[in-house]
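Descriptive analysis of the structure
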Amino acid sequence: MRKPLAAEPGPFGNVRIAGLLALLAAACFGMLLVRPMLANETRFLFLLWNLFLAWLPYVASIAATVVAGPATGRAIGAATGRAIGAARVVVVLALGALWLLFLPNSAYLTTDFIHLIAGRNRYVQDGEFGYLVWFDLILFFLFAWCGLMLSYISTRQFHRLVAVRFGRFAGWAFVSGVTLLAGYGVFLGRIVRLNSWDAWMRPMELIGSILGNLHWRGAAFSLLFSGWMAITYLFLYHLQEGER
């Protein structure tokens, strides 16, 4: 008999962890507010938008976990119970599609380090790097770390859902497939310059851009980020499990 579509609450889906994530996001926002006082310029405000997009898969995963949770204790008929169960599965699948569509945005934050490299001449004073480069390095790291944690936590939530429903092997197969797709999504976002909402706003243009960028460089880029995301996920997963 298959197990019901449910997920036991985990340490990365509770209020305490959500609060820590919010605190980390607030630190990112605070550093962006302080930066104009140090550099006399407003730069890198786009990081806030990128961080907002990185939060969407996390919100979708929490919503899916809540929807897939145990039913209420009220007595209901068998037919009504099946209808509710079917509706919950449909909602979870819809939330899963939304999560997968926006998941690359979490890992995308790590690619924003390219702006430090592209603007490295701004940090040179009298032939040496000024102190601003170190501030910006921490700034970008905090944003990337927040995106990394949002990516891991949301993936862990769906990993648990799939494993409970279909078994351990299916759970890890799911994570492997998602990691490959997310790596390719980062390529589409950073190199091809596509956005997540292009999937429904400009679907034909999206398909054309994908077909026009099927080459070994894109595959290498995608596999590089997929491998990095897989290593990160495995490390955090076993670190979490080892603490239990």
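For the structure, see preceding data.
First, a word on what this report is: a plain description of the structure on this page. Residue positions within a chain follow its written sequence, with the count starting from 1. Only residues with pLDDT of at least 70 get local features here, since the model is predicted, and only at 80 or more are side-chain atom pairs given and counted; chain-wide, interface and lining totals rely on the full set of residues. Note: side-chain values were computed over all heavy atoms of the structure, leaving out hydrogens and water.

**Notes on the overall build of the chain**
Basically, it comes down to this: Each helix is a run of DSSP H or I of at least 4 residues and each strand a run of E of at least 2, with the numbering of both proceeding from the N terminus. Only protein chains enter the area calculation, which uses a 1.4 Å probe; residues under 20% of their type maximum are buried, those over 50% are exposed, and those in between are partly exposed. Pairs of residues are marked as contacts when any of their non-hydrogen atoms sit within 4.5 Å. Note on areas: Shrake-Rupley with a 1.4 Å probe; residue coverage comes only from the protein chains shown.
Assigned secondary structure in the chain consists of 10 helices and 2 strands. For the chain, the α and β elements follow one another from N to C terminus as α-α-α-α-α-β-β-α-α-α-α-α. Within the chain, the fraction of its 244 residues that count as buried is 42%. A separation of at least 24 residues holds for 84% of the contacts in the chain among residues at least 6 apart in sequence. Per element, the accessible surface of the chain, about 13800 Å² overall, is 71% carbon and sulfur.

**Remarks on the packing of aromatic side chains**
Formally: Stacked, tilted and edge-to-face pairs are distinguished by plane angle, under 30 degrees for stacked and over 60 for edge-to-face with tilted covering the rest, among Phe, Tyr and Trp rings (Trp via its six-membered ring) whose centres lie within 6.5 Å.
Tallied over the entire structure, the rule returns 16 aromatic pairs. For the pair Trp-172 and Tyr-237, a centre-to-centre distance of 4.8 Å together with 80° between the ring planes defines the contact as edge-to-face. Of this pair, Trp-172 sits in helix H7 (residues 168-190) while Tyr-237 sits in helix H10 (residues 216-242), and the two are 65 residues apart along the sequence. Note on Tyr-237: relative accessible area 8%, which makes it buried. With a centroid separation of 6.1 Å and 20° between ring planes, the pair formed by Tyr-233 and Tyr-237 is classed as stacked. Of this pair, Tyr-233 and Tyr-237 both sit in helix H10, 4 residues apart, which is roughly one turn of the helix. Among the aromatic residues, ring-to-ring pairing joins Tyr-184, Phe-187, Phe-221, Phe-225 and Trp-228 into one connected group.

**Section: the pattern of salt bridges**
Our working rule: Throughout this description, the term salt bridge denotes a Lys or Arg side-chain nitrogen within 4 Å of a carboxyl oxygen of Asp or Glu.
Summed over all chains, the structure comprises 4 salt bridges. Note that Glu-41 and Arg-43 form a salt bridge whose closest N and O atoms lie 3.0 Å from each other. You can call Glu-41 partly exposed: its relative accessible area is 23%. Counted as one network, the salt bridges with shared partners bring together Arg-35, Glu-41, Arg-43 and Asp-136.

Scope: geometric values only; no functional claims are made or implied.
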